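Spelled out from the first residue to the last, the chains are:
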Amino acid sequence: MTRPVRNHHARPAHGPPVAEFPACPRCGSRDLHIPTLADGVVPETDNLAEWVCDPCGLRTTPVWFEDEEAYGEFLAAVHGAT
Ligand SMILES: [Zn+2]
């Protein structure tokens, strides 16, 4: 099993805020949420860099995207599109 791509959520110190969105590195879904107690996570102590993917249940550091084009390419790669 390969490790998910580590694409840390680095935000530039200057300039306008960038509208970024997370995606699941396993299934490519954008339906992720920050873990809560319902996910067995104690927010104060657990690593909040990890999100939970709703469709596949993966708890991971999501891949962040700033534009739809990059996300589309990622999605094609995840699903093995040719
Ligand atoms: Zn997923």
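Above this note sits the structure.
Predicted model, so just to flag it, every value in this text is computed and none were measured. (Residues numbered from 1 in each chain as written. Predicted model: local features only at pLDDT ≥ 70, side-chain atom pairs only at ≥ 80, totals over all residues.)

**Topic: the overall build of the protein chain**
Inference 1: Within the protein chain, the secondary structure is distributed over one helix and five strands.
Inference 2: Secondary structure of the protein chain in N-to-C order comes out as β-β-β-β-β-α.
Inference 3: For the protein chain, buried positions account for 13% of its 82 residues.
Inference 4: Long-range pairs, those at least 24 residues apart, make up 57% of the contacts in the protein chain between residues at least 6 apart in sequence. (Helix = DSSP H or I, 4+ residues; strand = E, 2+ residues; numbered from the N terminus. Buried ≥ 20, exposed ≤ 12 C-beta atoms within 10 Å, placed from the backbone. Contact = placed C-beta atoms within 7 Å.)

**A look at the environment of His-33**
Inference 1: Tracing the backbone through its elements, the reader meets His-33 in strand E2 (residues 32–33).
Inference 2: A residue is classified by how many C-beta atoms lie within 10 Å of it, and His-33, with 12 of them, is exposed.
Inference 3: With 17 residues separating them in the primary sequence, His-33 and Glu-50 have C-alpha atoms 9.2 Å apart.
Inference 4: Every residue in contact with His-33, bar those within four places of it in the chain, is listed here: Trp-51, Val-52 and Asp-54.

**Considerations on the environment of Leu-75**
Inference 1: Mapped onto the elements of the fold, Leu-75 is located in helix H1 (residues 68–78).
Inference 2: On the basis of neighbour count, Leu-75 is assigned to the partly exposed category, with 17 C-beta atoms found within 10 Å.
Inference 3: For the pair Leu-75 and Gly-28, spaced 47 residues apart in sequence, the C-alpha to C-alpha distance is 5.5 Å.

Remember that the coordinates give geometry; whether it matters functionally is a separate question.
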